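Each chain is listed here by its residues.
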Amino acid sequence: MGRREILVAREHDRFALRTAHRAGDVHRVRRGAYVAAADDARPGRTSTGHRDHILAVHRQLRAEHVFSHDSAAVLWGLSLWREPDRVHVVQEYRAGASAAQDIARHHDRIGQVVELDGIPATDLTRTVVDCLTTMPPLAGLVLADSALRRNVSAAAVLEALERRRRPNGRARARTVLSLADGGAESPWESWLRYSALRLGLPRPRTQVLVRTRLGPFHVDIGWPEHGVLAEFDGRVKYAAGTSGRRHGAESTLFDEKRREDAITEATGIRLLRFTARDAVRPAETAERLLRRFPADVRRAARVDPRLAAPEPGRGPAPSVR
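Keep in mind that what you see is a predicted model, and the values were worked out from it rather than measured.

Calculation criteria
- Residues numbered from 1 in each chain as written.
- Predicted model: local features only at pLDDT ≥ 70, side-chain atom pairs only at ≥ 80, totals over all residues.
- Heavy atoms only, no water.
- Core = buried A, V, L, I, M, F, W, Y, C linked by side-chain atoms within 4.5 Å.
- Buried < 20%, exposed > 50% of the residue type's maximum accessible area, 1.4 Å probe, protein only.
- Salt bridge = Lys/Arg side-chain N within 4 Å of Asp/Glu carboxyl O.
- Helix = DSSP H or I, 4+ residues; strand = E, 2+ residues; numbered from the N terminus.
- Axes fitted to C-alpha atoms, helices over the stretch in contact; angles between N-to-C directions.
- Parallel < 35°, antiparallel > 145°, perpendicular 65-115°, else oblique.
- Contact = heavy atoms within 4.5 Å.
- Phe/Tyr/Trp six-rings, centres within 6.5 Å; stacked < 30°, edge-to-face > 60°.
- Lys NZ or Arg CZ within 6 Å of the ring centre and 35° of its normal.

Student: Could you give an account of the nonpolar core, naming the residues involved and the relevant values?
Tutor: Grouped together as the largest cluster of nonpolar side chains are 69 residues, with contacts concentrated most on Phe67, Leu78, Leu132, Leu143, Trp191, Leu201 and Leu289. Grouped together as the second largest cluster of nonpolar side chains are eight residues, Val208, Val219, Ile269 and Leu271 included.

Student: Tell me what's going on with the pattern of salt bridges, and back it up with residues and numbers.
Tutor: Across all of its chains, the model carries 22 salt bridges by this definition. Among the charged side chains, a network of salt bridges with common partners joins Glu231, Asp233, Glu256, Arg259, Glu260 and Arg273.

Student: Residue-level account of unusual backbone geometry, with values.
Tutor: Located in the positive-phi region is His69, a residue other than glycine, with phi close to 50°. Looking at the secondary structure, you find His69 in helix α3 (residues 69-76). Positioned with a positive phi, Gln207 is a non-glycine residue whose angle comes to about 50°. The residue Gln207 is located in strand β9 (residues 205-212) in this model.

Student: I'd like a description of the packing of helix α6 (residues 154-163) against helix α7 (residues 170-179), backed by residues and values.
Tutor: Interaxial distance between α6 and α7 falls to 11 Å at its minimum, and their mutual angle equals 170°. Regarding the angle of α6 to α7, the classification is roughly antiparallel. Contacts between α6 and α7 involve Ala154, Val157, Leu158, Leu161 and Glu162 from the former and Arg170, Ala173, Arg174 and Leu177 from the latter.

Student: Got a sec to walk through the packing of aromatic side chains? Specific residues and values, please.
Tutor: Here the structure, examined in full by the defined rule, presents five aromatic pairs. On the numbers, 5.1 Å between centres and 85° between planes, the contact of Trp188 with Trp191 is edge-to-face. In this pair, Trp188 and Trp191 are both assigned in helix α8 (residues 187-198), three residues apart and thus about one turn of the helix distant. Taking relative accessible area as the criterion, Trp188 reaches 15% and is therefore assigned buried. On the basis of relative accessibility, which here comes to 3%, the residue Trp191 falls in the buried class. Both rings, one in Trp191 and one in Phe232, keep their centres 6.4 Å apart while their planes meet at 80°; by these two values the pair is edge-to-face. One end of the pair, Trp191, is in helix α8; the other, Phe232, is in strand β11 (residues 228-232), with 41 residues separating them in the sequence. For the pair formed by Trp191 and Phe232, the shared burial category is buried. Site record: aromatic cluster; members linked through ring pairs are Trp81, Trp188, Trp191 and Phe232. The ring of Phe274 has Arg288 lying over it, and the distance from NZ or CZ to the ring centre is 4.4 Å.

As structure tokens, then:
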């Protein structure tokens, strides 16, 4: 987990901590908790990430608690569509009206507890269930894809879901779990598949194997039977220096062009590429997807009312894993 020391004000010289904070030597994680400034931290930052927030809450909470929902997902290393804006804990007592607003308290039985680098968290299956019953569908799909990629059993999640006393969010969780696919290798790939599923298009295959004259390649998602292959292009791999000394940005771009040409040559299908900018234009993204399909598939496609439209222009925050 890469834990860093949390400096709790009640255990240190408060004046010294405030002075260090003004000098930029420590960052304020939450009221009364600080962490030493990282070498790569930006001046003026007031938060050093959700992990530090979790650690600070853990150090400061006196009552029994276990981290849950999005926060437990962070501790388990699951992918998220959004970095949590509050720390989620399960406690068996109800918090008072004056409770800190940066903590989301869930009044429930604590149940099984797993220690992750010394931090108490809900077990992995319960974490997935808690998230799927409270997250919007896209965020849930990103997490569910990540869980399946970690070999979490979909059957075990479904069984735990049906055992829940509260029905809230159960139907949405079932829907998302039925669409989950461990073949998605990033939140953006999950977003691309979600965009297609929401339109009512047939369920795509993930990591479609294409054998070419240059060797085998995998395409993010595809409907080979309909002549459609699509990929999310992160562009990071094209930035100068990201491929190491041997391959600069131009070499990487050239290699990617050769790969794309070889895939088209082998399949007769031109790759349909999407980037983060397409999240700003959901209607255009939908049109680009639909346009590639045969007319009968387009006519049969109907927007799935269970899958809410993603918020335009909002993509995953920097990795919280």
